[in-house]
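# Residue-level structure breakdown
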Amino acid sequence: MQELPLSEQVFAQIRGLMHESIGLDLAPHKRTLVSARLGPRIQRLGLRDFDAYLHRVCSDSGGGEFQMMVDLLTTHETYFFREPRHFDVMEAELSERRPASLRVWSAASSFGDEAYSLAMLLSELAARRVIGREWSVLGTDISERVLRSAIEGVYPADRLRHVSEERLKRHCLQGHGESEGLVAMRPDLKARVSFGQANLCHSVQGVGLFDVVFLRNVLIYFDGPTKTEVVERVLAQLKPGGLFFIGSAEGRVPCAASLVPITPGAFRKA
Ligand SMILES: C[S@@+](CC[C@H](N)C(=O)[O-])C[C@H]1O[C@@H](n2cnc3c(N)ncnc32)[C@H](O)[C@@H]1O
């Protein structure tokens, strides 16, 4: 297939649209990446060029093509128990506090790996009576496609490579026959986890208040001012004393709220 040329001008329009709508910071050197990710979609739709595609995205009243564009330009990489130290910190903190009830938010949940990992740990803590029986996890993301997959709760086994045999037995169902190589979350675990769409660049008050928030590996896609706004907005939904996690490679937390560092990427709200 022939590569479609992406002019500076249309690239600037795409950058503007993505920044304004979802905070995505597409630096000038990302022009080739944008072209490689959107080009095949434009050809599949039988459109002439990027200009025609942008017109399609903006005139599609249902927003379906806009969602597709968001999906193609964002990164959804995730896996179960990513950065295990954060789960250890959460367990240690909860073991000291022994809360009767607990609400946890995976604020850029992608395919749901993080939300279900949290649920596995909380289910075990509840069984050991470290936390009370009233606990739940909410996963939110901007992408409808990843949310649909998260609700299904079925994964290629490789994504659970960091999950112990014991946990796999306890919380998952192994596929056989045609489903060989796939792993499904057990219904009792799924019942504790819900998913919904939320754009971190808009108001998120509707999600309510949480005791623990995971906001990991999403801030890297925003520019400085957007990062600060997103962190402030998300922290407003965290109860005082609540636990807050970002990816440990994501650097300093850009916010005015007072956070007490616990380990890299893990904080307690003062
Ligand atoms: C790399 S994944 C992170 C998944 C998980 N938190 C982890 O650390 O493994 C980043 C996710 O952020 C989502 N995202 C990007 N911009 C967003 C926004 N403005 N609001 C909500 N989610 C967003 C993407 O759709 C993607 O699924």
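Rules used in this analysis
Residues numbered from 1 in each chain as written. Predicted model: local features only at pLDDT ≥ 70, side-chain atom pairs only at ≥ 80, totals over all residues. Heavy atoms only, no water. Near = heavy atom within 4 Å. Polar contact = N/O pair within 3.5 Å; in protein donor to acceptor, adjacent residues only side chain to side chain. 1 Å grid on protein atoms, 1.4 Å probe; cavity = no way out; pocket = protein on both sides within 12 Å on 5 of 7 lines; lining within 4 Å. Sits in = over half its atoms within 2 Å of the grid points. Nonpolar A, V, L, I, M, F, W, Y, C, P; charged D, E, K, R; others polar. Domains from an automatic or database assignment. Contact = heavy atoms within 4.5 Å. Buried area = accessible area lost by both parts, 1.4 Å probe. Salt bridge = Lys/Arg side-chain N within 4 Å of Asp/Glu carboxyl O.

## Structural notes on the site of the ligand
Around the ligand, a shell composed of 21 residues is seen, among which Thr-78, Arg-82, Ala-108, Asp-141 and Asn-217 lie nearest. A distance of 2.9 Å is found between a nitrogen atom of the ligand and a backbone nitrogen or oxygen belonging to Ala-108. A distance of 3.0 Å is found between a nitrogen atom of the ligand and a backbone nitrogen or oxygen belonging to Leu-200. With respect to the pocket detection grid, the ligand is positioned in the largest pocket. When its residues are assigned to classes, the shell around the ligand shows 9 nonpolar, 7 polar and 5 charged.

## Overview of the domain arrangement of the protein chain
As far as domains go, the protein chain holds domain 1 (8–73) and domain 2 (84–269). A separation of 29 Å is found between the C-alpha centroids of domain 1 and domain 2. With 9 residues of domain 1 at the interface, the matching set in domain 2 holds 12 residues. Of the roughly 840 Å² buried between domain 1 and domain 2, counting both surfaces, carbon and sulfur atoms make up 44%. On the domain 1 side of the interface with domain 2, the three residues burying the most area are Ile-22, Gln-67 and Asp-71, jointly 51% of the side's total. At the boundary of domain 1 and domain 2, one finds 1 salt bridge.

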